[in-house]
Amino acid sequence: MMAGKMRVLIGGGTGFVGRHLRAWLGENGYQVTCISRNDGPGCISWTELVRKGLPECVAVVNVAGRNLLEPFKSFTPLYKEELYSSRIDTTENLANLIREAKVKPKVFVSTSAVGYYPPSSTAEYDEDSPGGNFDFLSGLCADWEAAGQLEPELNVRQATVRLGVVLGRDGGAIQNMYIPFFLGVGGRIGSGKQWLPWIHVGDAAGIYAHAIENDHVSGILNGTSPNPVTNSEFTVAFAKAMWRPAFFPLPEFVVNAVYGPERGKVLLQGQKVMPKRTLESGYKFIFPEIDAACKECSVFIPDIKRLQ
């Protein structure tokens with residue numbers, strides 16, 4: 001098979017989920033090209049990609065997006081624009097490159113987030129539930145999804161993964177909380193009653209790979225565990241995996257002081273999100289239960305290859 005037929009182009013391939021997806025694809029015989037700010041081994045810059053056009057590839061994936069929860073970062077119009085541009089503009093650029101390509105990929109897998117669904121302590125959401133455009137973050141998700149929509153006549157299969165809170169030792173939420181829990185000063189956030197629509201990074205990468213490899217997979221896929229938990233339940237599970245107590249809750253006013261109320265509600269409120277279509281498509285979760293996921297995240301030295 002020609003190299004182009006096995007190549008996967010990944011926007012955000014050097015990020016948390018992107019690194020795990022790259023590792024999986026490499027282990028399974030794919031040639032991976034990352035799109036990043038600068039050219040380098042195995043990477044092409046966004047500027048160069050726009051100049052040269054889309055290389056021949058079997059799949060295009062976009063997992064690019066600036067971190068929403070940067071501590072003490074003011075939620076200014078400029079920061080909001082950076083969040084928007086890193087998600088919507090990159091997705092839109094890839095969609096346009098696919099439109100212009102003489103040889104089109106078989107599949108385009110884009111990203112969104114569970115912030116698409118309204119926070120609720122009682123509602124249960126799946127991929128068919130309504131959402132979007134009730135605040136800045138939900139509007140961001142709606143625009144993110146719209147930016148990647150291709151015309152049916154292009155004959156490029158499409159899937160969009162609405163990611164939940166991604167857990168993994170080498171990035172994301174766990175990286176920020178590992179030291180406090182290791183020192184025995186971890187605890188629930190706010191009331192702890194809010195839902196945590198979590199997913200292990202091995203499954204996050206696995207769902208993207210599942211969408212790449214299976215021709216029947218298309219549309220919205222919730223990237224969340226089939227067994228959501230509350231923040232308190234997660235706290236107990238992670239503290240148990242770390243062999244540490246968790247008696248130091250993080251009060252709501254501290255969260256709002258660090259992140260601001262608009263971003264703080266990501267941690268203080270939550271959604272019960274079920275991966276109905278993801279399961280129906282045949283995906284088998286590696287870490288469906290929070291205890292096993294937390295145990296894997298509790299190791300002192302992270303190792304991506306352990307998950308392959």
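Residues numbered from 1 in each chain as written. Predicted model: local features only at pLDDT ≥ 70, side-chain atom pairs only at ≥ 80, totals over all residues. Heavy atoms only, no water.

Each helix and strand counted, the protein chain has eleven helices and 13 strands in total. In terms of principal-axis extent, the alpha carbons of the protein chain reach across some 60 × 40 × 40 Å. Looking at the protein chain alone, contacts between residues at least 24 apart form 77% of all its contacts between residues at least 6 apart. Within the protein chain, one finds 31 positive and 31 negative side-chain charges whose respective centroids are separated by 4 Å. (Helix = DSSP H or I, 4+ residues; strand = E, 2+ residues; numbered from the N terminus. Contact = heavy atoms within 4.5 Å. Lys, Arg positive; Asp, Glu negative; His and termini not counted. Charge placed at Lys NZ, Arg CZ, Asp CG, Glu CD.)

Its place among the elements puts N231 in helix α7 (residues 231-242). Note on N231: relative accessible area 6%, which makes it buried. Residues in contact with N231, not counting those within four places in the same chain, are R188, I189, G192, Q194 and L196. (Buried < 20%, exposed > 50% of the residue type's maximum accessible area, 1.4 Å probe, protein only.)

The terminal C-alpha atoms of α7, which comprises twelve residues, lie 16 Å apart, in line with the 16 Å expected from a rise of 1.5 Å per residue. Looking one or two residues past α7, W243 carries a phi angle of roughly 55°, positive in sign. (Expected span 1.5 Å × (residues − 1).)

The seven strands lie next to each other as β3-β2-β1-β4-β5-β7-β11, forming an open sheet whose pairing is parallel. Where the open sheet ends on each side, the last strands, each with one partner, are β3 (43-45) and β11 (219-223). The average angle at which neighbouring strand axes cross in this sheet is 20°, direction not considered. For strand β5 (residues 107-113) and strand β7 (residues 157-163), the ladder comprises seven bridges, and the chain directions are parallel. Among the inter-strand pairings, F108 is bridged to a residue of β7, identified as Q158. (Pairing = 2+ DSSP bridges. Axes fitted to C-alpha atoms, helices over the stretch in contact; angles between N-to-C directions.)

Another point: the packing of α7 against helix α11 (residues 290-297). The geometry of α7 relative to α11 is characterised by a closest axis approach of 8 Å and an angle of 45° between their N-to-C directions. When the axis of α7 is compared with that of α11, the two are oblique. Our pair here, α7 against α11, has a crossing hand that is right-handed. Where α7 approaches α11, its residues F234, A237, F238 and A241 are matched on the opposing element by I290, D291, C294, K295 and C297. When its residues are assigned to classes, the contact of α7 with α11 shows seven nonpolar, no polar and two charged. (Parallel < 35°, antiparallel > 145°, perpendicular 65-115°, else oblique. Left-handed = near helix turned anticlockwise from the far one by under 90°. Nonpolar A, V, L, I, M, F, W, Y, C, P; charged D, E, K, R; others polar.)

Here H210 is to be found in helix α6 (residues 201-213). Those residues in contact with H210, other than ones at most four positions away along the chain, are V217, S281, G282 and Y283.

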